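# Overview (structure and organization)
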Amino acid sequence: MFPRRRAARKTVLYTARVLELVATCGLGVEELLAAEVAGLGAGDAAREPGAVSFRGSWEDCWRANWRLRTANRVLVAIASWDAPDGEALAAGARAVAAGTAGGGGSELADLLHPSRSLAVRASASTSQVRDPQWAALKVKDGLVDGQRRRWGRRSDVDRARPDLALRVRLHRDRATLLLDTSGEPLDRRGYRAVSTAAPVRETLAAACVLAAGWDGRGPVVDPMCGSGTLLVEAGWLALGRPPGALRAEAGGGWAFERLPGFDAAAFAAMRREELPAPGADILRLTGRDRSAEAVRAACANLARAGLAERAEVSQGDAFEIEPPEGPGLLVVNPPYGERVGGDAEQWRRLGDLLKRGFRGWRAAVLAGGPGLGKGIGLKPRRRVPVWNGPLEARILVFDLY
């Protein structure tokens, strides 16, 4: 904890600033995330590779962690400085921690008190300093030197669970020091009680649903449901359930809750804000998978997500599934490439299923492997290039008229 003489300042530090915020995401998802950020009412949103930057208060930071479905983390920028080489990188970090850097980051630099453990990670692009590990080490050395100058002691380094998880982004010889306010990545929603081979990440599953532009009304079908992630993400969107809901209930929390001056009552009030729930009265989820293990996993995860009473999951051939009364949304992540296998015949059969059984529906297909789903034989109205782990993929959206 900070010394008593700083108590009044901690409250001002935490509530009074306009922050420079950065929500990170997978490559290709930036447009979807930017739309989500705009939906929060945040200001000055700007897309950049793998992230969306915006301005807001600490409450906006909490709200972003609580509501954003496609974000990996939410970061707060502490300071930025020119860093063409290692010495400049360390000198800038030293000035920030010592409180001599000036500029808008000086109050946030008060967070760097040596009573709080820290860890530093870095990324580098289009810069003379190219080694992220070396860059992180130089920044860490600069920070602890600055702490010694200001407070006479330094922080411990805790790579497993630091009080302050710091990120350094080096781009075009300029360094930005950021504080991770999320802690655990935001894709860890808390409903995946059981997993299967090659599950889709929750944030990418949410991107598939959002890319479809689905209005949240009508049934949802996943004929190759695996562990049920796509069904859960669609169900939570339709019911207005924020992606952080189970995380809060399970007590896992977020890193910002451990910062000085955190207002737990204000955060609780923010969590009571209602989200649109267009599918509250009509949502039905239908899943199928040829694997009995996957069916068991999907049922367990849907139950954990509070969707068991709205879901029906069965074992069987995906291409023989009968659609419920619609129209609605079909969303699917077929096996492909290095993940499980897959071939051109699978894509052809999927296209036949869409044309034959789901007229009037909308479909979102996460397609990868050779051809990136071109074998479906339908023209998508939207293509979103993404990465599914290390594999190139496309979110293909079809209107099935």
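What comes next concerns the included structure. Just so it is clear, the structure is predicted and the values come from calculations on it, not from any experiment.

Turning next to the overall build of the protein. For the protein, the helix and strand inventory stands at eleven helices and 14 strands. Relative to a compact globule of 401 residues, whose C-alpha radius of gyration would be 21 Å, the protein shows 23 Å and is just as compact. Projected onto its principal axes, the C-alpha coordinates of the protein cover approximately 70 × 45 × 35 Å. With 401 residues in all, the protein has 54% of them scored as buried. In the protein, the share of contacts with a sequence separation of at least 24, taken over all contacts with a separation of at least 6, comes to 77%. Counting every atom, the protein has about 17600 Å² of accessible surface; 47% of that belongs to carbon and sulfur. Within the protein, one finds 58 positive and 47 negative side-chain charges whose respective centroids are separated by 4 Å.

Our next topic: the pattern of salt bridges. The full count for this structure, using the stated rule, is 27 salt bridges. Of the charged contacts in the structure, one is a salt bridge between Arg-63 and Glu-273, with a shortest N-O distance of 2.7 Å. Of this pair, Arg-63 sits in helix 3 (residues 58-67) while Glu-273 is found in the loop between helix 9 (264-271) and strand 9 (285-289), placing the two residues 210 residues apart along the sequence. A residue is classified by how much of its surface remains accessible, and Glu-273, at 30% relative accessible area, is partly exposed. In this structure, Asp-352 engages Arg-348 in a salt bridge whose closest nitrogen and oxygen atoms are separated by 2.7 Å. One end of the pair, Asp-352, and the other, Arg-348, are both in helix 11 (residues 344-357), four residues apart, so they sit about a helical turn from each other. When salt bridges that share partners are traced, they join Glu-59, Asp-60, Arg-63, Arg-67 and Glu-273 into one network.

With that out of the way, let us pick up the pairing of strand 1 (residues 19-24). Most of strand 1 is tucked away, with five of its six residues classed as buried. Where strand 1 and strand 3 (residues 51-56) come together, six bridges link them in antiparallel fashion. Counterpart to Glu-20 in the pairing with strand 3 is Arg-55. The sheet contact formed by strand 1 and strand 4 (residues 73-82) spans four bridges and is antiparallel.

This part is about the sheet that holds strand 10 (residues 311-315). Within the open sheet, the seven strands sit side by side as 10-9-8-11-12-14-13. Their pairing is mixed. With partners counted over all chains shown, the strands left at the sheet margins are strand 10 and strand 13 (382-388), one partner each. Between one strand axis and the next, the sheet turns through 15 degrees on average, direction left out of account. Relative to strand 14 (residues 391-399), strand 13 is paired through seven bridges, and the arrangement is antiparallel. Its bridge partner lying in strand 14, Arg-382 is registered against Val-397. Against the sheet, helix 7 (residues 229-239) contacts strand 8 (220-222), strand 9 and strand 11 (329-332), and its axis sits at roughly 165 degrees relative to strand 8. Contacts between helix 10 (residues 292-304) and the sheet are confined to strand 9 and strand 10, with strand 10 contributing the most and set at about 170 degrees to the helix.

Quick look at helix 5 (residues 132-151) now. Between its first and last C-alpha, helix 5 extends 28 Å over 20 residues, near the 28 Å set by a 1.5 Å rise per residue. Those residues of helix 5 lying buried are Ala-135, Ala-136, Lys-138, Val-139, Lys-140, Gly-142, Leu-143, Val-144, Gly-146, Gln-147 and Trp-151. Contacts from the buried residues of helix 5 go to helix 4 (86-98), strand 5 (118-125), strand 6 (164-171) and strand 7 (174-180). For helix 5, the N-terminal cap is Asp-131; the gap from its side-chain oxygen to the backbone nitrogen of Gln-133 is 3.0 Å. Downstream of helix 5 by one or two residues, Gly-152 has phi in the positive range, about 80 degrees.

This brings us to the packing of helix 3 against helix 9. Packing of helix 3 against helix 9 leaves a shortest axis separation of 10 Å and a crossing angle of 50 degrees. Considering their axes alone, helix 3 and helix 9 lie oblique with respect to each other. The hand of the helix 3/helix 9 crossing is right-handed. Contact residues: Glu-59, Trp-62, Arg-63 and Trp-66 in helix 3; Ala-266, Phe-267, Met-270 and Arg-271 in helix 9. Along the lines of polarity and charge, the residues of the contact of helix 3 with helix 9 split into five nonpolar, no polar and three charged.

Analysis parameters
- Residues numbered from 1 in each chain as written.
- Predicted model: local features only at pLDDT ≥ 70, side-chain atom pairs only at ≥ 80, totals over all residues.
- Heavy atoms only, no water.
- Helix = DSSP H or I, 4+ residues; strand = E, 2+ residues; numbered from the N terminus.
- Rg over C-alpha atoms; globule rule 2.2 N^0.38 Å.
- Buried < 20%, exposed > 50% of the residue type's maximum accessible area, 1.4 Å probe, protein only.
- Contact = heavy atoms within 4.5 Å.
- Areas by Shrake-Rupley, 256 points an atom, 1.4 Å probe, with all protein chains shown as cover.
- Lys, Arg positive; Asp, Glu negative; His and termini not counted.
- Charge placed at Lys NZ, Arg CZ, Asp CG, Glu CD.
- Salt bridge = Lys/Arg side-chain N within 4 Å of Asp/Glu carboxyl O.
- Pairing = 2+ DSSP bridges.
- Axes fitted to C-alpha atoms, helices over the stretch in contact; angles between N-to-C directions.
- Expected span 1.5 Å × (residues − 1).
- Polar contact = N/O pair within 3.5 Å; in protein donor to acceptor, adjacent residues only side chain to side chain.
- Parallel < 35°, antiparallel > 145°, perpendicular 65-115°, else oblique.
- Left-handed = near helix turned anticlockwise from the far one by under 90°.
- Nonpolar A, V, L, I, M, F, W, Y, C, P; charged D, E, K, R; others polar.

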